[in-house]
Amino acid sequence: MEPQFIGVLVAVVLVAFAIGYLVRKYLAEAKITSAEAEAEKIKEEAVKFAEARKREAVLEVKEEVLKLRNEVEKENKERRSELQRLERRLVQKEETLDRKIEGIERKEETLGRKEQEIEEVKSRLKQMHDRKIAELERVSGLSSEEARQVLLSNLEREIQHEAAIMIREMENKVKEEAGKKAQDIISMAIQRCAADHSAETTVAVIPLPNDEMKGRIIGREGRNIRAFETLTGIELIIDDTPEAVILSGFDPIRRETARIALEKLIVDGRIHPARIEEMVEKAQGEIEVQIREAGEQATFQTGVHGLHTELVVLLGRLKYRTSYGQNVLKHSIEVAHLGGLMAAELGVDIQLTKRAGLLHDIGKSVDHQVEGPHVTIGVELAKKYQENPEILHAIAAHHGDEEPKTITAVLIQAADAISAARPGARRETLEAYLKRLQKLEKIANSFEGVEKSYAIQAGREIRIMVKPDKVDDLGSIHLARGIAKKIESEMEYPGQIKVTILREIRVVEYAK
């Protein structure tokens, strides 16, 4: 049974296999047929789509071509329009150029005629000029060459006038700049150096314990007062002034000696010729000590060391010497300080300048005993004690007796003028003051062309009104210099005097 079952099973399997094969074949053929139909359908659709795209592309190309054609035509049209416009402008310019050329030709013709007319006028003017020259030569009696020389001479005077104006302007500018710098240095020196001043007199008043002392000073038959005056060289004035006597004399050292001696006699109470002689000798010894101490103190204050002993003594004597009421030793110390300050600003030797300032008036210590001006005496004293030649020159030039050749000399000259010109430094009597002002005005009025003159600022400036028809601007400069030179040569004065020329022209007319 089993073999049969196996045979049936095999048969069934074969049949199933055959049926499956047939079914698969049928299905495959059906799928192939369906796929072919689908492919054909897709092909047809693709052909249709391609034909549609082809038609669309053709249409797009046609539209693009049409658009390009329109743009090209539009551009061509615009270019033709631009060319036509340019052509019209070119034609207009050609017409304008033609008109301008015609205008230029007409102007050239006109210019040619005018040139011809100008040449004719020139010819006539030359003839007229020649006739006028001939007439001028006949009337003036001068040839052309002589007239040319006159014109050149006038031109030379004008150039000289302008040159003088330029020189004056340059001088003023230089003076202004130099003056400003000098003012800065001088003002600084004055501010840093404050000195006191005392006005010395020629008398000294000695107080007495009582009026009975006057009789004892006079002595029997005046022998005491005669002995005192003989020994001291000072006049002793005994008047009605209660409890006081007066010592009068021009020598400050003698007057100081007499004062000390008299005060000692009054304290001692024993007054007779022998005692008077003894007290005068003691007073003289004290004065010598004071003189030496004053000289040493002056060198200490100024920082000037190494002076000869005799020069120190001579400096101390200046304590009892006055000039226009100004104490000469204080003045010398002040000049040394001022000169040193200005030297420091300018970078000059400070010690040398101070030394020259301290010794510049050393001649005044003995000018009552030696003949000659104090400048010459001072130079001789400084030379005797072997001072520096530059200091000798500064002493010689401090009053302008010599032209200053060194900066030190210029500084000492300036410092001396500053010290003497300080307000209150020097005093003058009213009579001397008025005489100086009158002499200033007299000197100014002595020059031709001066109308009026006025001395102002205590005689430190003189203002001069000139006649404008007689003194021109150039002449004013020469006049100012001439007056200044004459003042320098004929007058003595402290500091400097400013000369100011005033020239004014007024034109007056009345409307009626």
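Residues numbered from 1 in each chain as written. Predicted model: local features only at pLDDT ≥ 70, side-chain atom pairs only at ≥ 80, totals over all residues. Heavy atoms only, no water.

K.L.:
Run through the pattern of salt bridges, naming residues and quoting values.
P.N.:
Considering all chains together, one arrives at 15 salt bridges under this definition. Between Lys-264 and Glu-286 there is a salt bridge, and its shortest N-O distance comes to 2.8 Å. In this pair, Lys-264 sits in helix α5 (residues 252–268) while Glu-286 sits in helix α6 (residues 273–302), placing the two residues 22 residues apart along the sequence. Lys-264 sits in the partly exposed class, given a relative accessible area of 25%. Each of Asp-268, Arg-270, Arg-275, Glu-278 and Lys-282 takes part in salt bridges that share partners, so that together they form one network. (Salt bridge = Lys/Arg side-chain N within 4 Å of Asp/Glu carboxyl O. Helix = DSSP H or I, 4+ residues; strand = E, 2+ residues; numbered from the N terminus. Buried < 20%, exposed > 50% of the residue type's maximum accessible area, 1.4 Å probe, protein only.)

K.L.:
Residue-level account of the sheet that holds strand β7 (residues 461–466), with values.
P.N.:
The strand order across the open sheet built from three strands is β6-β7-β8, with neighbouring strands paired in mixed fashion. Looking at strand neighbours, the two that pair on one side only are β6 (450–456) and β8 (498–502), the edges of this open sheet. Direction aside, the axes of adjacent strands within the sheet are offset by 20° on average. As judged from the five bridges shared by β7 and β8, these two strands associate in the parallel manner. Residue pairing for β8: Met-465 is matched across the bridge by Leu-502. Set on the sheet, helix α14 (residues 473–490) makes contact with β6, β7 and β8; between it and β8 the angle comes to about 150°. (Pairing = 2+ DSSP bridges. Axes fitted to C-alpha atoms, helices over the stretch in contact; angles between N-to-C directions. Contact = heavy atoms within 4.5 Å.)

K.L.:
Help me get a handle on helix α9 (residues 350–359), residues and values and all.
P.N.:
Burial runs high along α9: eight of the ten residues are buried. Taken together, the buried positions of α9 are Leu-352, Thr-353, Lys-354, Arg-355, Ala-356, Gly-357, Leu-358 and Leu-359. At the N-terminal boundary of α9, the capping side chain belongs to Asp-349, with an oxygen 3.2 Å from the backbone nitrogen of Gln-351. (Polar contact = N/O pair within 3.5 Å; in protein donor to acceptor, adjacent residues only side chain to side chain.)

K.L.:
Tell me about the nonpolar core, and name the residues and values.
P.N.:
Judged by nonpolar contacts, the single largest core of 40 residues is most densely connected at Leu-307, Leu-314, Leu-315, Leu-358, Leu-359 and Ile-362. For this core, the elements supplying multiple residues, two or more each, are α6, α7 (309–317), α8 (328–346), α9, α10 (374–384), α11 (389–397) and α12 (407–421). Sort the elements by how many residues they give to this core and α8 lands first, with eight residues. Counting residues in each nonpolar core, the second largest holds 28 residues, with Ile-234, Ala-261, Leu-265 and Ile-276 among its members. (Core = buried A, V, L, I, M, F, W, Y, C linked by side-chain atoms within 4.5 Å.)

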